[in-house]
Amino acid sequence: MEKLLCFLVLTSLSHAFGQTDMSRKAFVFPKESDTSYVSLKAPLTKPLKAFTVCLHFYTELSSTRGYSIFSYATKRQDNEILIFWSKGIGYSFTVGGSEILFEVPEVTVAPVHICTSWESASGIVEFWVDGKPRVRKSLKKGYTVGAEASIILGQEQDSFGGNFEESQSLVGDIGNVNMWDFVLSPDEINTIYLGGPFSPNVLNWRALKYEVQGEVFTKPQLWP
C-alpha cells in the first residue's frame, strides 16, 4: 500500500514543471473558476527589453464578459504583461501596468491566433489577429520587464501568483503558447501563423515546463 501511494504521488507531480512536448494539444478550461489555472516556467535570467507572445485560443465568452488570455506578473507589478479580452471593446494589452486597446468591431466564435510584440527602445506595440496586423501603437518607452515572473494561463493575477477572480477566468481552449525575448518580423509572424517552425527561447510549446492546478485538461487542439 505504501509503494502504491508513493507511485500515485509521484505520478501526480510528474507535470510539475516537467518538460513536455505539447504539439497538437491544448489546455481546456471547461468552466468558470478562481482555482483552475496553468503555471508556466520560463528560463529567464535577465529583464526583458523586448518580447513577442503568440498563441491560439477558443472561447464563447467574447460577447459575454472579459477574460484573461495571458498573465505575466512580477512581485513589483502584477500586470507586468497582460493580454486580456474586454467585452464591447476588444483586446487590452498591458506592459508595466499601462494599457492600450485594440478594438474588434465584430465578434465571432472561432479559434483565434494572436501575436503581440513590444520593444523598450521605441515603445512600439504590434498586435496581430489571425495573421493580420492592427495599427501599431506606443506603450512604456524605456521600460524594462522584470525577469522573476509568474506566468499564468486561465486567470488574471491581481497579485504575484494569485488573487484570481472567477469573473476574469478563461472558459475554453488555449494552446501553441510561445514567447521570444525579441520582436519577431512580419515575415516570421506570418510563418508562425501558417504553422511553420520558428524556435522560441522563453516559452516553447514543444518543450513546455508547466504545472496544472484545479480542473484543467489536456486535449487535442481544435484548430488546424
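Rules and cut-offs
- Sequence order as written defines the numbering, with residues in each chain counted from 1.
- In keeping with the predicted nature of the model, local features appear solely for residues at pLDDT of at least 70, side-chain atom pairs appear and are counted solely at 80 or more, and the whole-chain, interface and lining totals rest on all residues.
- With hydrogens and water excluded, all non-hydrogen atoms of the structure serve as input to the side-chain values.
- UniProt positions are given in the numbering used here, feature names are shortened, and annotations may be inferred rather than shown by experiment.
- Known as pLDDT, the predictor's confidence for each residue is given on a scale from 0 to 100.
- Contact between two residues is taken to exist if any of their heavy atoms lie within 4.5 Å; hydrogens are not considered.
- Any two strands are treated as partners once DSSP identifies two or more bridges connecting them.
- A run of H or I in DSSP counts as a helix once it spans at least four residues, and a run of E counts as a strand once it spans at least two, with each numbered from the N terminus.
- As a rule, the C-alpha atoms of each element are fitted with a line to give its axis, helices using only the stretch in contact, and angles between N-to-C directions run from 0 to 180 degrees.
- In the cavity and pocket records, a cavity denotes points on a 1 Å grid over the protein atoms alone where a 1.4 Å probe fits but cannot get out, a pocket denotes an open set with protein on both sides within 12 Å along at least 5 of 7 lines, and lining residues are residues with an atom within 4 Å of a point.
- Grid points are joined across faces, edges and corners, and a volume is the space filled by probe spheres set on the points.
- In this classification, the charged set is Asp, Glu, Lys and Arg, the nonpolar set is Ala, Val, Leu, Ile, Met, Phe, Trp, Tyr, Cys and Pro, and all remaining amino acids, among them Gly, are polar.
- Three labels apply to residues, based on accessible area from a 1.4 Å probe with only protein chains included: buried if under 20% of the type maximum, exposed if over 50%, partly exposed otherwise in between.
- Think of a salt bridge as a Lys or Arg side-chain nitrogen and an Asp or Glu carboxyl oxygen that are within 4 Å of each other.

- An unreviewed UniProt entry lists the chain under the name Pentraxin family member, with Pan troglodytes given as the organism.
- In its Subcellular location (unreviewed entry) section, the UniProt record describing the chain reads: "Secreted".
- UniProt lists a comment for the chain under the heading Subunit (unreviewed entry), and it reads "Homopentamer. Pentaxin (or pentraxin) have a discoid arrangement of 5 non-covalently bound subunits."

Re the confidence of the model for the chain
Step number 1: Averaged over every residue, the pLDDT of the chain is 92; the share at 70 or more is 93%.
Step number 2: Contacts from residues 1-14, a stretch scored under 50 in pLDDT, to residues over four places away or in other chains number zero contacts.

Remarks on the sheet that holds strand β3 (residues 37-40)
Step number 1: Pairing is antiparallel across the open sheet formed by eight strands, whose spatial order is β1-β15-β3-β13-β5-β6-β7-β8. The two strands at the open ends of the sheet, each matched to only one other strand, are β1 (18-20) and β8 (98-103). Adjacent strand axes in the sheet meet at a mean angle of 30 degrees when their direction is disregarded.
Step number 2: Two strands pair when backbone bridges link them, and strand β6 (residues 81-86) and strand β7 (residues 90-95) are joined in this way by six bridges, in the antiparallel orientation.

Notes on the layout of surface pockets
Step number 1: Empty space within the largest pocket amounts to approximately 510 Å³.
Step number 2: As for the largest pocket, its lining consists of 23 residues, of which N176, N178, G195, G196 and R206 are closest to the centre.
Step number 3: Taken together, the elements giving at least two residues each to the lining of the largest pocket come down to β4 (50-59), β14 (172-180) and α2 (186-193).
Step number 4: Per-class residue counts for the lining of the largest pocket are 11 nonpolar, 10 polar and two charged.
Step number 5: Around the second largest pocket, the lining comprises 18 residues; the ones closest to its centre are V104, E106, T108, V112 and V129.
Step number 6: Taken together, the residues that form the lining of the second largest pocket break down as 11 nonpolar, three polar and four charged.

So, the side chain of S33
Step number 1: With respect to the helices, strands and loops of the structure, S33 is situated in the loop between β2 (25-29) and β3.
Step number 2: For S33, a relative accessible area of 8% translates into the label buried.
Step number 3: Leaving out residues up to four positions away in the same chain, S33 has contacts with Q155, E165, E166 and S169.

A closer look at the pattern of salt bridges
Where charged atoms of side chains with opposite charge meet at close range, the side chains can pair.
Step number 1: This structure, assessed with the given rule, holds four salt bridges.
Step number 2: The salt bridge partner of R76 is E80, with a shortest N-O separation of 3.4 Å.
Step number 3: A relative accessible area of 56% places R76 in the exposed class.
Step number 4: For E80, a relative accessible area of 0% corresponds to the buried category.
Step number 5: Note that R136 and E126 form a salt bridge whose closest N and O atoms lie 2.8 Å from each other. With R136 in the loop between β11 (132-133) and β12 (137-138) and E126 in strand β10 (residues 124-129), the pair connects residues that are 10 residues apart, well separated along the chain.
Step number 6: Classification of R136 by relative accessible area gives exposed; the value is 52%.

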